[in-house]
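Chain and residue survey
Here are the chains, one letter per residue:
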Amino acid sequence: PFYRNLGKSGLRVSCLGLGNFKLLNKIPYENGVNLFDTAEVYASGRAEITLGNIIKKKGWRRSSFVITTKIYWGGQAETERGLSRKHIIEEIVRAMTFVINQGMAMYWGTSRWSAMEIMEAYSVARQFNLIPPVCEQAEYHYFQRDKVEVQLPELYHKIGVGAMTWSPLACGLITGKYSDGVPECSRAAMKGYQWLKERVNSEEGRRQLAKIKELHLLADRLGCTAAQLAIAWCLRSEGVSSVLLGVSNTDQLLENLGILSQMTPQTVTEMDALLGNKPHSKKESRA
């Protein structure tokens, strides 16, 4: 994959990142993937250590990789959850500035924050000479568009915050695996994913599946898979620095790495017409 700046920071990341560090092998490495996303809740809090050990064992340079983590959902105890220095934006900005000044991280960003909260964090940083966030991690796919296509581009131009997006395949919905119901081995059939099963079986879910069938035909015409088309569609959006892949095996990884080289304006227009949910910017709304 080619590389992009994370927002308007100087950090260069691959346009595709990996959310499953267990698949860190020569395939993503040789394909130029340098971004690996973790969280304190992954691998019982040892994800970053495990990832570092894998890199060291392979003999790769640690400086070649960008490793991100997320804090909030730690352990079960009250002191192991949350952002500890009170859940107030000013406190968070001060805490993240401290972490960077101590050399424990190079940049910080937000995950699932509203545009208003991100803007407030930026204002606090400027007011008290602290370090502002450089990116927002947001859900983005065919059926979740407003935030990444309307709100975040505005923040990108105003304060340089980039988007690192996740769930490009809408929890597998876009692959077509749920077209004929919920397979026993699928995520929607797993314990704790009742919400996904209900979503698939809902009236809205059935409408989305009908659109997905049309998109599969388009993918066939373009000579790619539905997953490759969906990922390329995410990458065409302004301000998106990297799309995180939630692959669970090597075959899926290889497929997702083979994205379309580019999305033509004609293809984007055709997809927007098919989806029928293109959000309107504030400028378009005023017009």
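Residues numbered from 1 in each chain as written. Predicted model: local features only at pLDDT ≥ 70, side-chain atom pairs only at ≥ 80, totals over all residues. Heavy atoms only, no water.

The name that an unreviewed UniProt entry assigns to the chain is Potassium voltage-gated channel subfamily A regulatory beta subunit 3, with the source organism given as Maylandia zebra. What UniProt records for the chain under Subcellular location (unreviewed entry) is the sentence "Cytoplasm". Under the UniProt heading Sequence similarities (unreviewed entry), the entry covering the chain gives this text: "Belongs to the shaker potassium channel beta subunit family." (UniProt positions renumbered as here; feature names shortened; annotations may be inferred.)

Some points on the packing of aromatic side chains
This model, assessed by the stated rule, comprises nine aromatic pairs. Summarising the aromatic geometry, the rings of Y29 and W60 are spaced 4.2 Å apart at their centres and angled 10° between planes, so their arrangement reads as stacked. Here W60 lies in the loop between α2 (47-58) and β5 (66-68) and Y29 lies in helix α1 (residues 26-30), a separation of 31 residues in the sequence. Overall, Y29 belongs to the partly exposed group, its relative accessible area being 33%. Classification of W60 by relative accessible area gives buried; the value is 15%. Summarising the aromatic geometry, the rings of Y193 and W195 are spaced 5.9 Å apart at their centres and angled 40° between planes, so their arrangement reads as tilted. Residue W195 is classed as partly exposed on the basis of its relative accessible area of 43%. An aromatic cluster is present here, built from Y29, F36, W60 and F65 joined pairwise through their rings. In this structure, K8 is placed above the aromatic ring of Y156, and the distance from its NZ or CZ to the ring centre is 5.0 Å. (Phe/Tyr/Trp six-rings, centres within 6.5 Å; stacked < 30°, edge-to-face > 60°. Helix = DSSP H or I, 4+ residues; strand = E, 2+ residues; numbered from the N terminus. Buried < 20%, exposed > 50% of the residue type's maximum accessible area, 1.4 Å probe, protein only. Lys NZ or Arg CZ within 6 Å of the ring centre and 35° of its normal.)

Overview of the nonpolar core
Of all hydrophobic cores here, the largest spans 71 residues; its most connected members are Y142 and L229. When residues in this core are grouped by element, the largest group, eight residues, is from helix α8 (residues 226-235). When sequence neighbours within four positions are dropped, the list of residues in contact with Y142 reads I174, L215, A226, L229, A230, W233, M271, L275 and N277. (Core = buried A, V, L, I, M, F, W, Y, C linked by side-chain atoms within 4.5 Å. Contact = heavy atoms within 4.5 Å.)

Observations regarding the pairing of strand β8 (residues 162-166)
The element β8 is largely enclosed, with a buried count of four among its five residues. Where strand β7 (residues 135-139) lies against β8, five bridges are found, and the strand directions are parallel. Its bridge partner being in β8, E139 is matched across the sheet by W166. As a crossover connection, the stretch from β7 through helix α5 (residues 146-159) into β8 is right-handed. As defined by bridge partners, β8 adjoins strand β9 (residues 240-245) across three bridges and the pair is classed as parallel. (Pairing = 2+ DSSP bridges. Right-handed = clockwise from strand over helix to strand, strands pointing away.)

Comments concerning the environment of T110
For T110, the location among the structural elements is in strand β6 (residues 110-111). Those residues in contact with T110 that sit more than four places away from it in its chain are I118, P133, C135, E136 and Q137. Among the polar contacts made by the side chain of T110, one reaches the side chain of E136 at a distance of 2.5 Å. (Polar contact = N/O pair within 3.5 Å; in protein donor to acceptor, adjacent residues only side chain to side chain.)

Description of the packing of helix α7 (residues 203-222) against helix α10 (residues 265-275)
The packing of two helices is summarised by the inter-axis angle and the distance between the axes. Following both chains from N to C, one finds α7 and α10 inclined at 160°, their axes separated by 10 Å at the closest point. On the basis of the axis angle, α7 is roughly antiparallel to α10. Viewed along their axes, α7 and α10 form a crossing whose handedness is right-handed. Contact residues: K211, E214, L215, L218, R221 and L222 in α7; T267, E270, M271, L274 and L275 in α10. For the contact of α7 with α10, the class distribution of residues is six nonpolar, one polar and four charged. (Axes fitted to C-alpha atoms, helices over the stretch in contact; angles between N-to-C directions. Parallel < 35°, antiparallel > 145°, perpendicular 65-115°, else oblique. Left-handed = near helix turned anticlockwise from the far one by under 90°. Nonpolar A, V, L, I, M, F, W, Y, C, P; charged D, E, K, R; others polar.)

With respect to the environment of E238
Mapped onto the fold, E238 is located in the loop between α8 and β9. For the pair formed by E238 and V150, sequence separation is 88 residues and the distance between their alpha carbons is 9.7 Å. Among residues more than four places away in sequence, those in contact with E238 are V148, P153 and H157. Only 2.6 Å separates the side chain of E238 from the side chain of H157, close enough to count as a polar contact.

What to know about the side chain of S241
Position of S241 among the secondary structure elements: in strand β9. For S241, the side chain forms a polar contact with the main-chain oxygen of N5, separated by 3.0 Å. Of note is the side chain of S241, whose polar atom sits 3.0 Å from the backbone nitrogen of G7. Ignoring sequence-local partners within four residues, the contact set of S241 consists of R4, N5, L6, G7, V13, S14, C15, G162 and A163.

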